[in-house]
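Chain by chain, the residues:
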Number of protein chains: 2
Amino acid sequence: MMQVMQPVVVLAGGVGAARFLRGLVQVVPPAEIVVIGNTADDIWWHGLYVAPDLDTVSYWLAGIADFERGWGIAGDTFVMQTQLARLTDQSWFRLGDRDLATHLFRTGRLRAGVPLDVVTEELRRRLGVASRILPMSNASITTRLRTEVGDSHFQEYFVRDGCRPAVYEIYWTGLEEARPAPGIGAALEEARAILIAPSNPIISIGPILRVPGMRQALQAVRERVVAVSPLIGGRAIKGPTVELMQAQDLEADAVGVARLYSDIAQGFVLDSADAHQSMRISALGYRVAALPTLLDDPSLARAVAARALDLAERPVAA
Amino acid sequence: MMQVMQPVVVLAGGVGAARFLRGLVQVVPPAEIVVIGNTADDIWWHGLYVAPDLDTVSYWLAGIADFERGWGIAGDTFVMQTQLARLTDQSWFRLGDRDLATHLFRTGRLRAGVPLDVVTEELRRRLGVASRILPMSNASITTRLRTEVGDSHFQEYFVRDGCRPAVYEIYWTGLEEARPAPGIGAALEEARAILIAPSNPIISIGPILRVPGMRQALQAVRERVVAVSPLIGGRAIKGPTVELMQAQDLEADAVGVARLYSDIAQGFVLDSADAHQSMRISALGYRVAALPTLLDDPSLARAVAARALDLAERPVAA
């Protein structure tokens, strides 16, 4: 049940979205924020279900994240990890000991038949997160890549192989039978603003938009949707955004990102360094705002969130 | 494949068996020992498969056990445990962080379709255990109890409820379709001695003997089987042996234990404090040896193991 009237909805990947949310909670009461999180990076790891993007968002909003490293919990230890490396060479996906409790709790609940959205709600409450967090779908959708070293789960490419192999193709499994998690339709309808976080448009936002019904739901509320570009001066702060856009034969710059969202968003926030592309983005039907978007600094993150919100809530006055 | 000719086989529960094995490895080359471990205490815990008896035996034989506490790994930390207790009240089964690596490894392999005996072999090798460890069965057999607080998994009674509730009935699930794990039949046939460790005869040795085919296999080699009583002066060193024997309407003393094994063992080692029962046990068809059996002391454990082995290997001379 939506307990928040006219929430601000955020489509979110991992660290980029978490940094953006750290700004947004400074301008919107956290309880009025609904996060729709990417789950296509989720992985079964030695019997545990791990949801890296949901956890990153949760930990950042709970204030317990390792804000420097980006993932995991601040001050966590790696005793299990060290021992696991003695037992198997399959220890490349690092899990902290405190972080493990999240994975045990979630896996136990999933194995008991509880849907992912319900477990996610339980976890965010127990972690003390005021914002609602919804997985994009309760169905299992997985990002996979065909690379020069073979067919890989996204985490194999991203963590194990360090994004080094050339990527030939990106594809998703599990889409057919999937639909948006309960609550997403209502949240989008009721939202006063829907913000696409500065996450990787291919492997973070892309899977969210691929959930059957999601894109149409966003098209119906397009006038309230604003996207924030993850690129600065045509480059990603972190992660393989440019490489994966190129692998999809996309123009790997702010214009390329804007093209991906032009049917579902009317506002576009980009970095000052990319302001020279504003005209081309406007020509796609966007109202555009340019400002510094390096979100490492919480006060800059606040300014970016405020500007995105402003574009979404006052479209005609912009 | 058996790589050891004429092994010494040990039917084992948890800590009592581990203490006994610490003595046995002083008189038998560890590589010539085959442990058949109880798995009826195993539990799915927040998505992880935990095999307490197999792990206790493995950690003791690997020399990494917490020998004071009995379970787990020496010097382990409990960071995950502390965090899990913040997320759920289902945190009564304690898992150390280093110990967790075992459970992740095993669960991942089981989920990948690898049978428990193969995973157990992988684990003992990687932990540096020279003795072979076989689960009693690859099938899932579970000890359950009807108690005054309801129907419980053994670990709920043992750990969560601290053995406090009155026990009305002990029963097992999963027996019908089970059979002994691969290698057990050959090990018993080839064994020069088969020793029943001083473990709880009801909930540690009992389930092993209940695996269809196991009891008959032991009956066929009865002249090489020797049991060690877990009682001293009619009391258990640790755990609810007496309570659970009474719940089964059994005489809760050395004679009661001897009765449980009289069709499968010809030798019986009991504590000096119970020597007054030797005649009654002899009358059951046993040759009996009495000596101090408090196995906390590794040198006493060695003496008990040596005496049990002697009874098994030289029955006519005893």
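Everything numeric here is computed off the predicted structure, so don't read it as measured data.

Rules of the game
Residues numbered from 1 in each chain as written. Chains lettered and ligands numbered in written order. Predicted model: local features only at pLDDT ≥ 70, side-chain atom pairs only at ≥ 80, totals over all residues. Heavy atoms only, no water. Pairing = 2+ DSSP bridges. Helix = DSSP H or I, 4+ residues; strand = E, 2+ residues; numbered from the N terminus. Axes fitted to C-alpha atoms, helices over the stretch in contact; angles between N-to-C directions. Least-squares fit on C-alpha atoms with pLDDT ≥ 70 in both. Contact = heavy atoms within 4.5 Å. Buried < 20%, exposed > 50% of the residue type's maximum accessible area, 1.4 Å probe, protein only. Buried area = accessible area lost by both parts, 1.4 Å probe. Salt bridge = Lys/Arg side-chain N within 4 Å of Asp/Glu carboxyl O. Polar contact = N/O pair within 3.5 Å; in protein donor to acceptor, adjacent residues only side chain to side chain. Nonpolar A, V, L, I, M, F, W, Y, C, P; charged D, E, K, R; others polar.

(A) Main features of the sheet that holds strand β7 (residues 150–153) of chain A. All names here are of chain A. If you walk across this open sheet you meet the three strands as β7-β6-β8, and the pairing is antiparallel. The open sheet terminates on both sides in strands that have one partner only, identified here as β7 and β8 (167–173). Taken pair by pair, the neighbouring strands of this sheet meet at an average axis angle of 25 degrees, ignoring direction.

(B) A look at the relation of the copies chain A and chain B. Rotating chain A by 180 degrees and moving it 0.0 Å along the rotation axis overlays it on chain B with an RMSD of 0.0 Å. Considering both components of the superposition, the chain copies are consistent with a two-fold axis. Proximity to the rotation axis, assessed at the C-alpha, singles out D97 of chain A in chain A; its C-alpha lies 3.2 Å from the axis. A shared binding surface is used by both copies, with 100% of the interface residues of chain A retained as interface residues in chain B.

(C) How the structure looks around the environment of Y59 of chain B. Residue and element names in this part refer to chain B. Tracing the chain through its elements places Y59 in helix α2 (residues 52–62). When its relative accessible area of 1% is taken as the criterion, Y59 is described as buried. As for Y59 and D99, which are separated by 40 residues in sequence, their C-alpha atoms are 9.5 Å apart. Apart from residues lying up to four places away in sequence, Y59 is in contact with I64, A65, G72, I73, D99, T102 and L127.

(D) Representation of the interface of chain A and chain B in the model. Counting from both sides, the interface comprises 25 residues of chain A and, opposite them, 25 residues of chain B. Of the roughly 2300 Å² buried at the junction of chain A and chain B (both faces included), carbon and sulfur atoms supply 70%. For the chain A face of the interface with chain B, the top three residues by lost area are Q83, L87 and L104 of chain A, together amounting to 27%. The tally of links between chain A and chain B comes to zero salt bridges. Counting across the chain A and chain B interface gives four residue pairs in polar contact (both at pLDDT 80 or more). When residues of the side of chain A that touches chain B are traced back to their parent elements, those giving at least two are α3 (79–87), α4 (97–111) and α5 (116–126) of chain A. In terms of residue count, the dominant contributor to the side of chain A that touches chain B is α4 of chain A (ten residues). Taken together, the residues that form the side of chain A that touches chain B break down as eleven nonpolar, eight polar and six charged.

(E) Just unusual backbone geometry, in detail. Residue and element names in this part refer to chain A. Positive phi is not limited to glycine here, since H46 has a value of about 50 degrees. Its place among the elements puts H46 in the loop between β3 (43–45) and β4 (48–50). A positive phi angle, close to 60 degrees, is found at D249, a residue other than glycine. Looking at where D249 falls in the secondary structure, it is placed in the loop between α10 (241–247) and α11 (254–261).

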